Amino acid sequence: MNRWFKQKLGRDLMVVLYSFLALALVGSIFMYMYMEERVAESERRLQDVDQRIERLNTLWDDWQGVQYEARGYLVFGDTEALERAKEKENEFQQEINWFKSVVQTKQGEIFAEDLQEFHDFYFGVILPVTTEYGQLRAEGEITEDTIDPETVLGLPTAQRLIEQGVVPYSPERGIDTLGPIQQIETSLSDYKSLMNSEKQKVYDAWKLNNDILQFLWIASILSFAALILLFIQPFLRRQTRLISRLSIASDRLLKGEIVDLSDQMEREDEIGTMSRSFNKMAETLRDNERHLIEKNHELQAQQEELIAQQEELQAQQQELEEILEQTQQNEQHLAYRNELTETLAARDSLTAYPEIIEKLVAITDSEVGALVFVDATGSFSITSHGLNETLTRQLLDSENSVLTRAMTLRTTVHSSKQVASDHPLPYPYYMYETAVPVHDPTDDSIIAFIYLVRYKDRFTQTQMGDIMSFARQLSLSLLRMRLFEEMTREKGKTERILDSIREAVIYVEHSTDDVFVNRPLYEMFPELDEITSRELAELSWNEWRETISTTVDQEDDFLKYTDRLFTDDFPHDSVSFSIRKGEMNLQMYAERIVVGGLSKGTLLVFRDITSETEAERLKSEFISTISHELRTPLSSIYGFTELMVKKQLPNEKQAKYLQTIHAETERLTHLVNDFLDVQRMEAGSQMYDREQLDIEPVIRDMMTFYEASSLKHQFELVTADDRPYELFADCQKFKQLMSNLLSNAVKYSPRGGKITVELAHHDQSVSIKVKDQGIGIPSDALDRLFDKFYRVDNSDSREIGGTGLGLPICQEIVRGHAGQIHVESVQHQGSTFTVVIPSFEYAVREQESTTA
């Protein structure tokens, strides 16, 4: 058994632990049972005492209640009180029986007997005697106020009880009732004191039990502590000391020291096993150390070999990095070359010269560079990169600069010189320059130079080859740009020529279906402005034709004509049509553009014939109007003269007919004069006999004339001041002007109204306003009101008639006097014609200055 314990260290620990736990468990159970019994006994005794005291109190209360009920019967004759006292007999007897059943001591037995004796005496003697005495009092046989013992002794019940010996009787004291009562009260008080004493004893026992319990708890803790100190702690210390030896041995083993655990290796438990394993591990480590030392020597030899290989790889890597760097530089240079070639090939190379010289500097690893352009006059212009002002001035002005020598020698020139300055490098350095001429391939003239500067190193042959190559590319680019500029100028010139043509033009290129138009086309067709310029540039001829055809009133005629443009049935005539519902009249014709015998394109020309069409229309209307105006007076003259020739008429009728013939003749004369005036004015042959003319009396006389001929109108002349309104004017033409204005005011006020003429002085002119309250003029007719033969086309003016020559004549008369005329009108409210003519002083001064 002892060997079995020694084989496992845990077995010793478990035995000690289980023994300690078993001892603690047994002691705790024993102590618990003992204390449980003591506490239960105390509780039982305490409950018994409490029950006895409680029943004793109940018995006492019952006894006092019976006495009170019996006394109430005697004093007040209350029979119900007597009945309640009798009813207590059984309850009183039950309590006495309970005390008898729980008798444990001699005192309890005596107390139970006293209770029973008193119960029998009271309910067998006192209560029957009291009942009989109360009945006799109630019947009136007893009238005394206090209970007389003799009376009680004489009661039959008392006599019977005395004879039976139930009631003790003595001749001196009679029946003794107070003695038993005092005795039972004394017995109750004594028994109650006894119970209180018993309760105190039970409490003292319970407190003693608690003290014992606390003592046992403290004693158990001290016992456990003593067991730990005396048995468990030495055991654990002994075991940990062995483990500590193993730990110390491990540290020594790590330090390479020799470890001896032979005394522990003989143990059969885990420590012995660990010691033997540790000893074996130490031997293994020593063997491994020897093996590692040998391996280390071998690895050192391999390491030296690897270092040599690494140095060789580093050399190869450095060589590859240099190749990679060179490749990247070549790629960068190639990218620059491509970008430079693309820039030179771009159409906007002229604006990319700074970018070109920048890339050229980067490709040749130069520090600064410039493109020097030479124009036809020998002047230089330069575009530089990194070139300061001093170097630029030396490059252009110095006779010994590489640029000047290259210009003189017409070939590439190199130069090198040592610079003592510390700028841009912080020490003296060599500066290598080269100037490469760029020749015009057409005549071999020099058109530009490439100027580059490097510090420290010369230009290599490869870099010079790149520079020469770019010089050739640059010459081609400059030549291409020159041609492009010439084409651009020619194109601009052609566009300006087309735009300067008043007719709208469309040119359709047959090979590309490209469409070119001039600016008047957009003015003629504002609908095209709603389309962006880029969309217009992408439109084909058919899309242009569809867009324009939407505005044409005779769309079918327009489409049929344009359908023939690209067929053998090419239209050599023209076609006329209107657009936007007669807003404008156009004439269109087409011409083919033939170059070298081949048809290259078709040119369409749109002529605005609106004014011509309108003139034709007005001319037709004028002929119709003048015919009507001539026929009416001629018919009147013919009719009245025929009457006067064929018939004998009274003198009054003859005079009336002659006045009518005279008026119609005068009307014909005015009509013919107006027509002749218009002809002279158009021919520029109208002559004015100017003089100093005060127009106020002239206007007043003419207003008097028209006032006399019209009874429905009121005339008023308004002057701004009293100064004379003098003009340098032809009196007859001025009268014709005012006659036309006043006549129009009367004619276009058929319902009458007020006609006002206002005169006013201005700084250099005199204004004349003729106002009426007539039918007015529509706003859309105001712009054309002074056109020849134009008449407002509405129902109001159509009934009034007229030739449409009065206002054009007025305008020509005003213009002939260097004045202006305009009209303001509101339809159905009246019109105001304003004539502004230079004053006499200003007109004379202007004439004198012109003559001088």
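Read on for an overview of the structure.

If you tally the helices and strands in the protein chain, you get 24 helices and 19 strands. Scaling as 2.2 N^0.38, a compact globule of 852 residues should have a C-alpha radius of gyration of about 29 Å, whereas the protein chain reaches 77 Å, well beyond that. Dimensions along the principal axes, computed over C-alpha positions, put the protein chain at roughly 210 × 130 × 65 Å. With 852 residues in all, the protein chain has 36% of them scored as buried. Nonlocal contacts in the protein chain, meaning residues at least 24 apart in sequence, comprise 60% of its contacts between residues at least 6 apart. Accessible surface, the protein chain as shown: approximately 52400 Å² in total, 53% of it carbon and sulfur. Within the protein chain, one finds 88 positive and 143 negative side-chain charges whose respective centroids are separated by 4 Å.

So, about the pattern of salt bridges. What the rule picks out here adds up to 23 salt bridges. In this structure, E69 and R84 form a salt bridge, with 3.1 Å as the shortest nitrogen-oxygen distance. Taken together, the positions of E69 in helix α2 (residues 9–76) and R84 in helix α3 (residues 79–101) put the pair 15 residues apart, joining distant regions of the chain. Judged by its relative accessible area of 38%, R84 is partly exposed. Between E355 and K359 there is a salt bridge, with its nearest N and O atoms 3.0 Å apart. In this pair, E355 and K359 both sit in helix α10 (residues 353–363), 4 residues apart, roughly one turn of the helix. A relative accessible area of 36% places E355 in the partly exposed class. What emerges from the salt-bridge pattern is a single network uniting E503, R607 and E612.

A few words on the nonpolar core. In terms of nonpolar packing, the biggest core is built from 50 residues, with I695, I699, F734, M738, L741, V757 and I768 touching the most fellow members. Take this core: its biggest share by element is 8 residues, from helix α21 (residues 731–747). Counting residues in each nonpolar core, the second largest holds 40 residues, with A70, V125, L127 and M195 among its members.

Our next topic: the pairing of strand β8 (residues 504–509). Within β8, 6 of the 6 residues are buried, which leaves the element mostly enclosed by the surrounding structure. Side-chain alternation along β8 places A504, I506 and V508 on one buried face and V505, Y507 and E509 on a second face that is also buried. Bridge count for β8 against strand β12 (residues 598–608) is 6 bridges, and the pairing is antiparallel. Directly across from V505, in β12, lies its bridge partner V605. In terms of strand pairing, β8 meets strand β9 (residues 515–517) through 3 bridges, oriented antiparallel. Residue pairing in the sheet places Y507 in a bridge with F516 of β9. The antiparallel pairing of β8 with β9 creates a hairpin that spans 5 residues between the two strands, and D513 there sits at a positive phi of about 60°.

So, about the packing of helix α19 (residues 651–683) against helix α23 (residues 806–816). The interhelical angle for the contact between α19 and α23, taken along N-to-C directions, is 45°, at an axis separation of 10 Å. By the criterion of interaxial angle, the relationship of α19 to α23 is oblique. α23 is crossed by α19, and the crossing has left-handed handedness. On the side of α19, the interface is formed by D674, D677, V678 and M681, while α23 contributes I809, E812 and I813.

Quick look at the pairing of strand β11 (residues 584–595) now. Across 6 bridges, the pairing between strand β10 (residues 574–579) and β11 is antiparallel. Across the sheet, V575 pairs through a bridge with M588, a residue of β11. Between β10 and β11, which pair antiparallel in sequence order, lie 4 residues; one of them, R580, sits at a positive phi of approximately 50°. Counting the residues that bridge the hairpin from β11 to β12 gives 2 residues, and of these G596 lies at a positive phi of roughly 65°.

Located in the positive-phi region is R410, a residue other than glycine, with phi close to 60°. Position of R410 relative to the elements: it lies in the loop between α12 (402–409) and β5 (413–419). By relative accessible area, R410 is classed as partly exposed at 39%. Although it is not a glycine, D444 sits at a positive phi angle of roughly 60°. By the secondary structure assignment, D444 is in the loop between β6 (429–439) and β7 (446–455).

Turning our attention to the packing of α3 against helix α4 (residues 106–139). Where α3 meets α4, the axes come as close as 9 Å, and the angle between the chain directions of the two elements is 165°. Taken together, α3 and α4 sit at an angle that is classed as roughly antiparallel. The two elements α3 and α4 cross, and the hand of that crossing is left-handed. Each of L82, A85, K86, K88, E89, F92, Q93, I96, N97, F99 and K100 in α3 lies in contact with α4, whose residues at this interface are F111, A112, L115, Q116, F118, H119, F123, L127 and T131. The residue makeup of the contact of α3 with α4, split by class, is 11 nonpolar, 5 polar and 4 charged.

Calculation notes
- Residues numbered from 1 in each chain as written.
- Predicted model: local features only at pLDDT ≥ 70, side-chain atom pairs only at ≥ 80, totals over all residues.
- Heavy atoms only, no water.
- Helix = DSSP H or I, 4+ residues; strand = E, 2+ residues; numbered from the N terminus.
- Rg over C-alpha atoms; globule rule 2.2 N^0.38 Å.
- Buried < 20%, exposed > 50% of the residue type's maximum accessible area, 1.4 Å probe, protein only.
- Contact = heavy atoms within 4.5 Å.
- Areas by Shrake-Rupley, 256 points an atom, 1.4 Å probe, with all protein chains shown as cover.
- Lys, Arg positive; Asp, Glu negative; His and termini not counted.
- Charge placed at Lys NZ, Arg CZ, Asp CG, Glu CD.
- Salt bridge = Lys/Arg side-chain N within 4 Å of Asp/Glu carboxyl O.
- Core = buried A, V, L, I, M, F, W, Y, C linked by side-chain atoms within 4.5 Å.
- Pairing = 2+ DSSP bridges.
- Axes fitted to C-alpha atoms, helices over the stretch in contact; angles between N-to-C directions.
- Parallel < 35°, antiparallel > 145°, perpendicular 65-115°, else oblique.
- Left-handed = near helix turned anticlockwise from the far one by under 90°.
- Nonpolar A, V, L, I, M, F, W, Y, C, P; charged D, E, K, R; others polar.

As far as function goes, none of this settles anything; it's purely spatial.
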